[in-house]
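Below, each chain spelled out in residue letters.
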Amino acid sequence: MRQLAIVKYSGQNSEPERTITLPIGHLKALQGMIPRCLQEELLAEDISLPDLLSELETMSVDGPVMTLENHRKGQRIELLIRSNGAVQDAPGN
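Reading the values: the criteria
- Residues numbered from 1 in each chain as written.
- Predicted model: local features only at pLDDT ≥ 70, side-chain atom pairs only at ≥ 80, totals over all residues.
- Heavy atoms only, no water.
- Salt bridge = Lys/Arg side-chain N within 4 Å of Asp/Glu carboxyl O.
- Helix = DSSP H or I, 4+ residues; strand = E, 2+ residues; numbered from the N terminus.
- Buried < 20%, exposed > 50% of the residue type's maximum accessible area, 1.4 Å probe, protein only.
- Polar contact = N/O pair within 3.5 Å; in protein donor to acceptor, adjacent residues only side chain to side chain.
- 1 Å grid on protein atoms, 1.4 Å probe; cavity = no way out; pocket = protein on both sides within 12 Å on 5 of 7 lines; lining within 4 Å.
- Points joined across faces, edges and corners; volume = space filled by probe spheres on them.
- Nonpolar A, V, L, I, M, F, W, Y, C, P; charged D, E, K, R; others polar.
- Arc of directions from axis to C-beta.
- Contact = heavy atoms within 4.5 Å.

Asker: Even after reading the chapter, I still don't get the pattern of salt bridges, so can you show me in this structure?
Answerer: A side chain with one charge may pair with a side chain of the opposite charge, provided their charged atoms come close. Taken as a whole and assessed by the stated rule, the structure comprises three salt bridges. A salt bridge links Glu-57 to Lys-28; the nearest nitrogen and oxygen atoms lie 3.9 Å apart. Of this pair, Glu-57 sits in helix 2 (residues 49-58) while Lys-28 sits in the loop between strand 2 (18-23) and helix 1 (36-44), and the two are 29 residues apart along the sequence. Residue Lys-28 is classed as partly exposed on the basis of its relative accessible area, which comes to 49%.

If you want it as structure tokens, here you go:
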């Protein structure tokens, strides 16, 4: 089963602070479980969460999809698509 992994990093840590994994086939139903910090970062960049979730459901790639960095807060949020339970980190991690 394909999954969306939302990985949050704080500061200069190379280890994630938190990882949330959601099944891709259920993204629209689970939209309310998307972390508020990700929703706020997407809104700040004029990215529609419903549109993004629809696109993710149809993507056939595995690995990194998007990285959102908030330099003022020292946070980085990565969206990754994974299959068979293995998260593939973005290059440089």
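Asker: What am I meant to see in the environment of Ser-48 here?
Answerer: Within the element layout of this structure, Ser-48 appears in the loop between helix 1 and helix 2. One polar contact links the side chain of Ser-48 to the main-chain amide nitrogen of Asp-51, over a distance of 3.2 Å.

Asker: Explanation requested: the layout of surface pockets in the structure shown.
Answerer: It is the rolling of a water-molecule-sized probe over the atoms that shows where space remains empty. Roughly 170 Å³ of internal volume is contained in the largest pocket. What lines the largest pocket is a set of eleven residues, and nearest its centre among them are Gly-11, Gln-12, Glu-69, Gly-74 and Arg-76. For the lining of the largest pocket, the elements supplying multiple residues, two or more each, are strand 3 (63-70) and strand 4 (75-83). Residue classes in the lining of the largest pocket are distributed as no nonpolar, nine polar and two charged.

Asker: Just checking my understanding: could you explain helix 1 for this structure?
Answerer: One full turn of an α-helix is made of 3.6 residues, so residues set three or four places apart face in the same direction. Within the sequence span of helix 1, burial applies to Leu-38, Glu-41 and Leu-42. The buried residues of helix 1 occupy an angular sector of 100° when projected down its axis, which confines them to one face. What points out from helix 1, more than 90 degrees from its buried face, is the exposed set Arg-36, Leu-43 and Ala-44. Among the structural elements, strand 1 (2-10), helix 2, strand 3 and strand 4 are those in contact with the buried residues of helix 1. Positive phi appears at Asp-46, one or two residues downstream of helix 1, with a value of about 55°.

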